[in-house]
Amino acid sequence: MKVLVLGYFGYKTNQIDGQTIRTRSIYNLLKEDSNLNLYFFDTQSFQESKLRIFKLIKLLVSADVVFNISAHRNLKYLLPLVFLITKVTNKKLNYIAVGGWLFEFLKNKPIHRYMLKKINGVYVQTDNLRLTLKSVNFKNVYLLNNFRPLQFPKVNVVKNNKSETIKLVFMARVHPLKGVNLLFKLEEEINKAGIENVFIEIYGPIFKGYEDEFISKLKNSKIEYRGILNPAEIYDVLQKYDLMLFPTKYYTEGFPGTILDAYISGLPVIATKWLNAEEFIEHGKTGFIVPFDDEEAFIQQVIDIVNNPEIITKLKEAALLKREEYSADSAWNILRSVLYNA
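Residues numbered from 1 in each chain as written. Predicted model: local features only at pLDDT ≥ 70, side-chain atom pairs only at ≥ 80, totals over all residues. Heavy atoms only, no water.

1. Notes on the packing of helix α3 (residues 72–88) against helix α5 (residues 110–118)
Thinking step 1. Viewed as axis vectors pointing N to C, α3 and α5 meet at an angle of 45°, and their least axial separation amounts to 10 Å. The orientation of α3 relative to α5 falls into the category oblique. For the pair α3 and α5, the crossing hand works out as left-handed. Contact residues: α3 offers L75, K76, L79, P80, F83 and K87, while α5 offers H112, Y114, M115, L116 and K118. (Axes fitted to C-alpha atoms, helices over the stretch in contact; angles between N-to-C directions. Helix = DSSP H or I, 4+ residues; strand = E, 2+ residues; numbered from the N terminus. Parallel < 35°, antiparallel > 145°, perpendicular 65-115°, else oblique. Left-handed = near helix turned anticlockwise from the far one by under 90°. Contact = heavy atoms within 4.5 Å.)

2. Quick word on unusual backbone geometry
Leaving glycine out, the prevailing phi sign among residues is negative, and the prevailing peptide bond configuration is trans.
Thinking step 1. Despite not being glycine, N90 shows a phi value in the positive range, around 60°.
Thinking step 2. Mapped onto the fold, N90 is located in the loop between α3 and β4 (92–96).
Thinking step 3. Positive phi outside glycine occurs at N137, with the angle close to 75°.
Thinking step 4. Within the secondary structure, N137 is located in the loop between α6 (127–134) and β6 (141–143).

3. Side note on empty space enclosed by the protein
Thinking step 1. Throughout the structure, instances matching the rule amount to one cavity of 30 Å³ or more.
Thinking step 2. Each pocket or cavity is described by its volume, and for the largest cavity that value is around 30 Å³. (1 Å grid on protein atoms, 1.4 Å probe; cavity = no way out; pocket = protein on both sides within 12 Å on 5 of 7 lines; lining within 4 Å. Points joined across faces, edges and corners; volume = space filled by probe spheres on them.)

4. Considerations on the sheet that holds strand β5 (residues 121–124)
To summarise the sheet geometry, strands pair through backbone hydrogen bonds and adopt either a parallel or an antiparallel arrangement.
Thinking step 1. Ordered in space as β2-β1-β3-β4-β5-β6, the six strands form an open sheet in which the pairing is parallel. Of all strands in the sheet, those bounded by a partner on one side alone are β2 (37–42) and β6. The mean angle between the axes of side-by-side strands here comes to 20°, regardless of whether they run parallel or antiparallel.
Thinking step 2. In this fold helix α2 (residues 52–62) packs onto β1 (2–7), β2 and β3 (65–69), with an angle of close to 155° to the strand it touches most, β2.
Thinking step 3. Those strands touched by α6 are β5 and β6, and its axis lies near 165° from that of β6. (Pairing = 2+ DSSP bridges.)

5. Some points on the packing of aromatic side chains
Thinking step 1. One pass over the full model with this rule turns up 17 aromatic pairs.
Thinking step 2. Taking 5.3 Å as the distance between ring centres and 25° as the angle between the ring planes, the aromatic pair formed by Y123 and Y142 counts as stacked. Separated by 19 residues along the polypeptide, Y123 in strand β5 and Y142 in strand β6 bring together distant segments of the chain.
Thinking step 3. Taking the relative accessible area as the measure of exposure, Y123 reaches 5% and is therefore buried.
Thinking step 4. An aromatic cluster of three or more residues is present, and its members are F9, Y11, Y27 and F40. (Phe/Tyr/Trp six-rings, centres within 6.5 Å; stacked < 30°, edge-to-face > 60°. Buried < 20%, exposed > 50% of the residue type's maximum accessible area, 1.4 Å probe, protein only.)

6. Considering a positive patch on the surface
Thinking step 1. Where like charges cluster on the molecular surface, the positive patch consists of K87, K117, K118, K134 and K139.
Thinking step 2. Considering the arrangement of structural elements, one finds K117 in helix α5. (Patch = residues over 30% accessible without salt bridge, like charges linked within 9 Å, V, L, I, M, F, W, Y side chains within 5 Å. Areas by Shrake-Rupley, 256 points an atom, 1.4 Å probe, with all protein chains shown as cover. Salt bridge = Lys/Arg side-chain N within 4 Å of Asp/Glu carboxyl O. Lys, Arg positive; Asp, Glu negative; His and termini not counted. Charge placed at Lys NZ, Arg CZ, Asp CG, Glu CD.)

7. Things to note about helix α12 (residues 295–307)
Thinking step 1. If you check α12, its first and last C-alpha atoms are 18 Å apart, about what 13 residues at 1.5 Å a residue would give, namely 18 Å.
Thinking step 2. Every buried residue of α12 is accounted for by F298, I299, Q301, V302, I303, I305 and V306. (Expected span 1.5 Å × (residues − 1).)

8. What to know about the layout of surface pockets
Thinking step 1. Considered as a void within the structure, the largest pocket measures approximately 830 Å³ in volume.
Thinking step 2. Every residue lining the largest pocket is counted, 36 residues in all, and those nearest its centre are D17, G18, Q19, R173 and K178.
Thinking step 3. Taken together, the elements giving at least two residues each to the lining of the largest pocket come down to α1 (18–30) and α10 (257–264).
Thinking step 4. Per-element tally for the lining of the largest pocket: the top contributor is α1, with four residues.
Thinking step 5. The computed volume of the second largest pocket comes to approximately 430 Å³.
Thinking step 6. Forming the walls of the second largest pocket are 14 residues, and the residues nearest its centre are Y8, T43, F46, R73 and N74.
Thinking step 7. The dominant element in the lining of the second largest pocket, judged by the number of residues it contributes, is α3, at five residues.
Thinking step 8. When grouped by side-chain class, the residues that make up the lining of the second largest pocket number six nonpolar, six polar and two charged. (Nonpolar A, V, L, I, M, F, W, Y, C, P; charged D, E, K, R; others polar.)

Put into structure tokens, the structure is as follows:
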């Protein structure tokens, strides 16, 4: 069986973000099946030459099954071509969504709605999005949670107490809309409260338009920026922390890979209540959810936990149990049905 994975892999610049990680995860999981003749097309290659479209057309014509993992731009402009070729050649086309924005995107695009309703399957990250699409007559929409194609590492949970240093971490795109600025306000309030045993560190690619402002803030802070983690080192590094901070201002987040990577590493999460937060964070069990865009509530929740570190141990234990819901085995069961069921 010839299978094509079409998406933004970001190999040329080694771009690491939610889209590239989900695309690579799907591809790497499919590689585990030796019965497949697997190909990929990285849409980043269009930045080098638009003539790469002819290579894509050739791959589409020869494939039996296509997994299209596109975000906004490629979904808007590339889907019509992919849909037409796979329809004419009678191939199985599947669309795998990244994030939680698909319903809003389709509101004023009747042609794209029609195309997606007519393909083999639409696979989304959240149950909320699945149910919303079903409410507008999508018969082919299924849940495919975020996952990581690996054996989860062993994590030893160590008891926290007030005499120990508490390490807080942020790992996502370094962008104001991911809530990065709030981290500096949090540090100010921690200092005002006279708390001295707390450290905050940041990982992730810095948004280009934010670089100067971010560097300026770092100069006036004890928060440390640690660069971009390679996928192979994420879990060893995250295990050294106590809490993942996720003060996102993107209301339509899907299932952020940050949350999954935190759970895999045994880290509880403190997050703002984005659209799908309650699907993935059990409030008071695997972390805490605070009202969306309420900076004071977020800061207070962190300070409450810092002042009562004994609860971190229970949160970590619950996070480790939660991670089993997002195993590669669960994802493979869904992808296998795509490949081998009529």
